[in-house]
Amino acid sequence: GTCYTNIHSAAMALAEAEAGLAEIKSHQGWTSDTVYDEALAADADHAKAANLKAKIEARLNEGEDLLKQADEFMGAGEWEDAAAALNQLCEIHPQDEGIRKRADLANANVETIEGGIARATDALRRKRFDLVLQAAEEVLLIAPNHGAALGAQQDAERGIAGIERQLTEAKELIDSELFDD
C-alpha cells in the first residue's frame, strides 16, 4: 500500500480505508491492519480511523471465534450447531467460498439427520424395527452421539428382542405340543 507520511494525507488514507471496508469484511486475505494502520501512522490521533479499525478487528475476531466453534461442533458430529455457526459466518464473510462450502456440508448433514430421524420415528410407529435401525445408522454415521438416533436404535433393539422372545416362546409351545401327543 501507499505510505502516508503527513497529517494531510491521513484523510486520503481514511477514504481509501473506507473504500476497502467491504473487502476487509469479506476477509479476502488481508486484515484491517493494511489501510487503517497507514491512516493511523499519518495521524496517530485520527479517531475515526482508530474506531473503524477496532470495529473491523472485532468483526474479524468474531468470525475466527465462530470458525473455531464450527470446527469443534463438526468434530463432535454436532451438525445442527455447526450449521448455525457456519451460516452466521457466511453472513460475516459472504464472499468466502471455503466457508460457504463448509456451511453447505453442515446444512446437508442436518437435512440427512432430520430425514433419518423422521424415517426412524415413522418406522418405529409401524414397528418396522429393521427400518428404524437403518435410519438410525444413517444418522449415527455422521452424528455418532445424536440422542434421538441412539434412542431410536435402542427402541428398535428392544422391539427386536421382544419379538425374538415371543418366537422362542412360540417354538417352545409348538415343540411341547408335538411331544405331548
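Please refer to the structure placed before this passage.
Residues numbered from 1 in each chain as written. Predicted model: local features only at pLDDT ≥ 70, side-chain atom pairs only at ≥ 80, totals over all residues. Heavy atoms only, no water.

Some details on the nonpolar core
- The biggest cluster of nonpolar side chains holds 21 residues, and the ones touching the most others in it are W79, L86, L89, A106 and I113.
- Looking at this core, the elements with two or more residues in it are α4 (47-75), α5 (79-92), α6 (97-125) and α7 (129-142).
- Element by element, the count of residues in this core is highest for α5, at 8 residues.
- Once you skip the residues sitting within four places of it in the chain, I113 turns out to touch W79, E80, V139, I142, A143 and H146.
- Of all hydrophobic cores here, the second largest spans 7 residues; its members include A120, A123, V132 and A156. (Core = buried A, V, L, I, M, F, W, Y, C linked by side-chain atoms within 4.5 Å. Buried < 20%, exposed > 50% of the residue type's maximum accessible area, 1.4 Å probe, protein only. Helix = DSSP H or I, 4+ residues; strand = E, 2+ residues; numbered from the N terminus. Contact = heavy atoms within 4.5 Å.)

Here we look at the packing of α6 against α7
- Where α6 meets α7, the axes come as close as 8 Å, and the angle between the chain directions of the two elements is 160°. By the angle between their axes, α6 is roughly antiparallel relative to α7. Of the two possible hands of crossing, α6 and α7 adopt the one that is left-handed. Contact residues: α6 offers N109, T112, I113, G116, I117, R119, A120, A123 and L124, while α7 offers F129, L131, V132, A135, E138, V139 and I142. (Axes fitted to C-alpha atoms, helices over the stretch in contact; angles between N-to-C directions. Parallel < 35°, antiparallel > 145°, perpendicular 65-115°, else oblique. Left-handed = near helix turned anticlockwise from the far one by under 90°.)

A closer look at the pattern of salt bridges
- By the definition in use, this model includes 7 salt bridges.
- With a closest N to O distance of 2.9 Å, R128 and D130 form a salt bridge.
- Several salt bridges share partner residues, and in doing so they unite D122, R125 and R126 into one network. (Salt bridge = Lys/Arg side-chain N within 4 Å of Asp/Glu carboxyl O.)

With respect to the packing of α5 against α6
- Between α5 and α6, the least distance of the axes is 8 Å, while the angle of their chain directions is 145°. The handedness of the crossing between α5 and α6 is left-handed. Residues W79, E80, A82, A83, L86, N87, L89 and C90 of α5 lie in contact with α6, whose contacting residues are I99, R100, R102, A103, L105, A106, N107, N109, V110 and I113.
- A class-by-class count of the residues in the contact of α5 with α6 yields 12 nonpolar, 3 polar and 3 charged. (Nonpolar A, V, L, I, M, F, W, Y, C, P; charged D, E, K, R; others polar.)

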